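Listed here are the chains, written in short residue letters.
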Amino acid sequence: MPSQADKTDVANGRQPLELPAWLVPGGMAPYEPKVAREGFLRKNVLALTRLLARVRVGSRVGQCDSAIDRVLARVAVPARLLGLLVLLVCVSAAANMAFAYLMLGVSLVMLAARPAGRIAPVARTAGVVALVTALVMLPAALLGQPTSAVRMATKAFATVSLALGLFQHVSWSQVTSALRWLRLPSQAVFVLDMTLRDIELLGRAALELSDALALRSVGVARDATAGAAGVMGMTFLRAHELAARQSEAMRLRGFDGSYEPPRERVLTPATLTYVVVVVGLVCVFVYLEGAM
Amino acid sequence: MGERGVAAGAVDASEQPAMRFEHVSFSYEGHVALDDVSFQVMPGELVALSGPNGCGKSTVMRLASGLDFASAGTVAVLGQRVDATTMSDLRTAKRLHQRAGLVFQNPDSQLFCPSVYEEVAFGPRQMGLGEDEVARRVTDTLALFGLAGFEERSPWRLSGGEKRRVALAAIVSMGPELLMLDELVDGLDVESLGRVADFIESYVAAGGTVLVTTHHHDHVRLPEARHVVMDAHHRIA
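Read on for a plain summary of the structure.

Rules and cut-offs
Residues numbered from 1 in each chain as written. Chains lettered and ligands numbered in written order. Predicted model: local features only at pLDDT ≥ 70, side-chain atom pairs only at ≥ 80, totals over all residues. Heavy atoms only, no water. Buried < 20%, exposed > 50% of the residue type's maximum accessible area, 1.4 Å probe, protein only. Helix = DSSP H or I, 4+ residues; strand = E, 2+ residues; numbered from the N terminus. Pairing = 2+ DSSP bridges. Axes fitted to C-alpha atoms, helices over the stretch in contact; angles between N-to-C directions. Contact = heavy atoms within 4.5 Å. Parallel < 35°, antiparallel > 145°, perpendicular 65-115°, else oblique. Left-handed = near helix turned anticlockwise from the far one by under 90°. Expected span 1.5 Å × (residues − 1). Arc of directions from axis to C-beta.

This part covers the pairing of strand E3 (residues 46-50) of chain B. Residue and element names in this part refer to chain B. Within E3, five of the five residues are buried, which leaves the element mostly enclosed by the surrounding structure. Neither face of E3 is open: one carries Leu-46, Ala-48 and Ser-50, the other Val-47 and Leu-49, and all of them are buried. Pairing of E3 with strand E8 (residues 209-214), which is carried by five bridges, proceeds in the parallel orientation. Residue pairing in the sheet places Leu-46 in a bridge with Val-210 of E8. In this structure, E3 lies alongside strand E9 (residues 226-229), joined through four bridges in parallel fashion. Bridging across to E9, Val-47 finds its partner in Arg-226.

Below you can see the structure in the form of structure tokens.
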């Protein structure tokens, strides 16, 4: 390992190089870029990377954006996680759209209670997911099932905004502890832990590489897929390596593969009230499904 | 230097700095990254922007490249105002990115091609140069940074210092007038550092402009460099 002094000496003892003519500023005719529409693949890769980059657990931990968030912050995380899972299953399974609309209303009320600056990130992400869902369902609409696209997009928006509402406000360690409290085996928690870390890192890595691609896309690509394909491939390689390094770092800091359930009391009055509300919503779901 | 086409948002071209930050502030997710920063870099100048970790040096480079936009103040690079409006014009953005090259702090964030040759050829090919000219630029650039013989190697498998040199070569091969090098010395060994320092000196002597960020005040003594120091409060000290 060279010392600082060595580096300094080398830097000071350098010889001027002869630059090729094309590199001498002003040595070449000014470059006038050609502009073409962005390719389908590149456009979609960039959109996907921006979406992945927004996946961040605990980005608003300890910060309550609204009165509803302040109330929910008093509820134990295991109960919130379980409640969310139950409601997501209900929304997904609902054949009667009344329940999906009810949950869409709940998620919109929770969003509307926040300051404008905090609404945009959640609404944008949920909106993009809903739009993609609607596009995927477009063939069904063309084949005579126009309500399918609306149904799926509504469900997608409601579920994503509810999930983001929870995961923005709880830390990663709270989620893993909650999963252990729910009696999920440590191995399963570890797999989930690593997978979600992988997705988060995937998003960050993809965004950085997309920036690099944008900075070097100074004209028109001869092979429209080359840059985007490279970004995707390198993103997966980087995310995999980063996740593996994180796992090693966890082991080096004494992690032995076991996760501890939360130490604080779970069954508080706030938690019980939350459970009652969720059970009430499940009863509404059962009633609406039975009433069909 | 020849006349360049007038682009959207172009500012007065008489004796203008290569880079100008005027009362620039930038925040993201509620964190202040730059607070009323003003400085300028003249054409043919070598400037070392130093300061502690997290003071906003990399943000300066991102704003100058149009990857992010200032919350307040004016950023102008090579006579081109850099803001959301001007950068929404694809031709203006592409012209700026060819003329002002940014080398990231982390080379892993910059390399996305399967081989070193493809990596260095990516920019010249985008510029529509013929394959002979592309090959010439790749050969010249790899030789400049001691990477001859690396053409078929995968950038992913290179050492940290080699990756940094490939990342630099990938930008230099586009023939920029302004080079922005984020944390230049990180991961470079003695030989690599010497090569890069040789290149910078020659490039500046030939009329190129270089902005280097570093958190090591004394790590590289670039005798010609003018030092601009940022403090922990995200301001010019």
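Having seen it, we continue.
On to the sheet that holds E9 of chain B, then. In sheet architecture, strand pairing relies on hydrogen bonds along the backbone and comes in two forms, parallel and antiparallel. All names here are of chain B. Here five strands make up an open sheet; going across it, the order is E6-E7-E8-E3-E9 and the pairing parallel. Both outer strands of the open sheet, strand E6 (100-103) and E9, are each paired with one neighbouring strand and no more. Between one strand and the next, the sheet's axes are offset by a mean angle of 15 degrees, whatever the strand orientation. When E6 meets strand E7 (residues 178-181), the two strands line up parallel, connected through four bridges. When the sheet's bridge partners are listed, Gly-101 is paired in E7 with Leu-179. Strands in contact with helix H3 (residues 90-99) are E6 and E7; relative to E6, the strand with the most contacts, it is inclined by about 65 degrees. Against the sheet, helix H6 (residues 160-172) contacts E6 and E7, and its axis sits at roughly 170 degrees relative to E6.

Residue and element names in this part refer to chain B. Running from amino to carboxyl end, helix H4 (residues 116-126) crosses helix H5 (residues 131-144) at an angle of 125 degrees, the nearest separation of the two axes being 9 Å. By the angle between their axes, H4 is oblique relative to H5. Where H4 crosses over H5, the handedness of that crossing is right-handed. Along the contact surface, H4 presents Val-116, Tyr-117, Val-120, Ala-121, Pro-124 and Arg-125, while H5 presents Glu-131, Val-134, Ala-135, Arg-137, Val-138, Thr-141 and Leu-142.

All names here are of chain B. Over its 14 residues, H5 runs 20 Å from end to end, which matches the ideal 20 Å to within 8%, given 1.5 Å per residue. Residues of H5 that are buried: Glu-133, Val-134, Arg-137, Val-138, Thr-141, Leu-142 and Leu-144. Relative to the axis of H5, the buried residues are bounded by an arc of 160 degrees and lie together on one face. Contacts from the buried residues of H5 go to H4, H6 and helix H7 (190-205). In the stretch just after H5, Gly-146 is the one whose phi turns positive, near 65 degrees.

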